[in-house]
Amino acid sequence: MQSWLSCFNPACRVHFDIHDVIYNCPKCGGLLETQYDTTCIDAAILKRTFRERRMSNEPLEQSGVWRYRELFPFLDDYAHVVTLREGNTPLLQSTRAAAYGNLKNIAFKHQGFNPTGSFKDNGMTAGVAQARRLGMERVACVSTGNTSASMAAYASAGGLEPLIFIPNGNISYGKLAQALEYGAKTFQVDANFDQILALVRILTERLGIYLLNSINPFRIEGQKSIVIEMMDQRDWKVPDWIVLPGGNLGNVSAFGKGLRELHALGFIDRLPRLAVIQAAGASPFYEYMKDKTNFIPQHHPETLATAIKIGDPVSWPKAQFEIETTNGLVESVTEQEIADAKAIIGQSGIGCEPASAATLAGIRKLKLDREADVVAILTGNVLKDPDYIYRYHTGQLKGPDGTPITANYGNAPIVVPNDAARIEALL
Ligand code: F0G
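This one's a predicted model, so the numbers in the text were calculated from it and none came from an experiment.

*Asks:* I would appreciate a short explanation of a nonpolar patch on the surface in the present structure.
*Replies:* Taken together, I414, V416, I423, L426 and L427 make up a surface patch of nonpolar side chains, about 540 Å² in accessible area. For I423, the location among the structural elements is in helix α15 (residues 420–426).

*Asks:* Would you mind going over the pairing of strand β8 (residues 185–189) with me for this structure?
*Replies:* Taken residue by residue, a regular strand's side chains alternate between the two faces of the sheet. Of the pairings in the sheet, the one linking strand β7 (residues 161–167) to β8 comprises five bridges and is parallel in character. By the bridge assignment, I164 is partnered in β8 with T186. The parallel pair β7 and β8 is bridged by helix α6 (residues 173–181), and the resulting crossover is right-handed.

*Asks:* Even after reading the chapter, I still don't get the nonpolar core, so can you show me in this structure?
*Replies:* Burial of nonpolar side chains together is a common tendency in soluble globular proteins. With 93 residues, the main nonpolar core has W66, F72, F74, Y210, I242, F267 and F285 as its most contacted residues. If sequence neighbours within four positions are ignored, W66 has contacts with R53, L60, F72, F74, L75, Y78, V81, E86, T125, A126 and A129. In this structure, A341, A372, A376 and L378 belong to the second largest nonpolar core, which totals 38 residues.

*Asks:* Looking at this structure, I do not really get the side chain of D340. What am I missing?
*Replies:* Considering the arrangement of structural elements, one finds D340 in helix α12 (residues 335–347). At 2.6 Å, the side chain of D340 and the side chain of Y392 are in polar contact. D340 has contacts with Y100, Y392, T406, N408 and Y409, leaving out every residue within four places of it along the chain.

*Asks:* Got a minute to help me understand the pattern of salt bridges in this structure?
*Replies:* For the structure shown, the criterion picks out 25 salt bridges. For the salt bridge of R51 with D232, the shortest nitrogen-to-oxygen distance reads 3.0 Å. Of the two residues, R51 sits in helix α1 (residues 43–53) while D232 sits in helix α8 (residues 217–233), which places them 181 residues apart along the sequence. Between E287 and K290 there is a salt bridge, and its shortest N-O distance comes to 3.0 Å. Pair noted here: E287 and K290 are both in helix α10 (residues 284–291), with a separation of three residues, about one helical turn. Under the relative-accessibility criterion, E287 is labelled partly exposed at 38%.

*Asks:* It is not clear to me how the site of the ligand should be interpreted in this structure. Could you clarify?
*Replies:* Taken together, 22 residues form the shell around the ligand, and within it N146, G247, N248, N251 and T379 come nearest. N146 is positioned with one of its side-chain polar atoms (N or O) 2.7 Å from an oxygen atom of the ligand. Separating an oxygen atom of the ligand from a backbone N or O atom of N248 is a distance of 2.7 Å. Taken by itself the ligand offers 480 Å² of open surface, and the protein chains cover 98% of this. Residue assignment for the shell around the ligand shows that the elements contributing at least two residues are α5 (146–157) and α9 (250–264). Tallied by class, residues from the shell around the ligand come to eight nonpolar, 12 polar and two charged.

*Asks:* What's the story with the sheet that holds strand β3 (residues 32–36) in this structure? I'm lost.
*Replies:* Remark on secondary structure: sheet strands pair via backbone hydrogen bonds, oriented parallel or antiparallel. One open sheet holds the three strands; their spatial order is β2-β1-β3, and the pairing between them is antiparallel. Looking at strand neighbours, the two that pair on one side only are β2 (15–16) and β3, the edges of this open sheet. For strand β1 (residues 3–7) and β2, the ladder comprises two bridges, and the chain directions are antiparallel. Paired with S6 across the strands is H15, a residue of β2.

Procedures and definitions
Residues numbered from 1 in each chain as written. Predicted model: local features only at pLDDT ≥ 70, side-chain atom pairs only at ≥ 80, totals over all residues. Heavy atoms only, no water. Patch = residues over 30% accessible without salt bridge, like charges linked within 9 Å, V, L, I, M, F, W, Y side chains within 5 Å. Areas by Shrake-Rupley, 256 points an atom, 1.4 Å probe, with all protein chains shown as cover. Salt bridge = Lys/Arg side-chain N within 4 Å of Asp/Glu carboxyl O. Helix = DSSP H or I, 4+ residues; strand = E, 2+ residues; numbered from the N terminus. Pairing = 2+ DSSP bridges. Right-handed = clockwise from strand over helix to strand, strands pointing away. Core = buried A, V, L, I, M, F, W, Y, C linked by side-chain atoms within 4.5 Å. Buried < 20%, exposed > 50% of the residue type's maximum accessible area, 1.4 Å probe, protein only. Contact = heavy atoms within 4.5 Å. Polar contact = N/O pair within 3.5 Å; in protein donor to acceptor, adjacent residues only side chain to side chain. Near = heavy atom within 4 Å. Nonpolar A, V, L, I, M, F, W, Y, C, P; charged D, E, K, R; others polar.

In structure tokens:
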């Protein structure tokens, strides 16, 4: 099947070779996307094939990404693939979370079940496969945590050298620990995410290093598998809403593209609506979408949800298109709202990292139809920010500006003497 890169800018749309090492259109500077000749795709046959592959012991079929490879056929040789059996993440129901969100039902698609603990693995397996296919030896990214852990794992597993750039003091120790353990050369830079991304783009260009941030169109292709797998798990029944947190806005771009393609190819009969939730202190896309006049980056984004602490999201034009195409919404939520929603998801026995909890906080705020069929994406694992969790439950959590966050659903440990009778009294 034929594949190529295309400029996403509607006024340009120039095509480029799939092997070109470019991240923006060389002609107009627009974002890039991959496109395919899909004339030989038969949805009914492929739906069956996807199911049958779940019974296979072949690594490629066991991957919750590559099992769906006909829907992103940019590789000509699957020997380039490195899989840690990413994807395969569950859809989990929660009565408690549904009630909190004023809904009858809710399902969480929990990407925190991925090998390195976040949805980044869905995209990284694709980005690293492209890097190997191009003969790249070094790969780089800037990250607030999840991307770095994911890239480090996939690059090392594939024999590439991972180079990671992180904002000094703004990464969780668990994530930094993963990057170090997976053998990444790690640079802590005294700047924020957006500033470091600009720096890394200069370095990767100068030194011939492959850039694996979400501006890379092949990562977006891998992340499409999140919605493809979700539809497969739902027997291709389309939900009313898919709700996800927004930072750099790569994931909403991937979801929108994946859903449009599923629809055009006859896998699904309509498009769900997409809702992107941002943290109030890092919400340039939310602000822009109010009147769509000027996209104004925020120079000092602030939120404890470090994964979405991004003031200048690169993929906003794609995100705008996908929100408009799906008749979607953008909302913003406060630190208190994120913390409380996170505790509710935790009380459901599910758990997630702060950025992921923005989904439930946003759902509560949006006051969706109670009967709506809603899937919320939990993008990362509960163990990302244990310090945040402990502080919340013990009433010590403070917002970025020092404002105390109330432990409305707190669950502090109880200090007891070594005395059965006294403990019995407490029980
Ligand atoms: N949720 C989690 C857990 C993330 O790690 C990220 C991004 C997002 C949501 C936002 O996704 O950028 O596609 O809108 N984390 C990046 C990182 C910034 O460095 O790991 P987006």
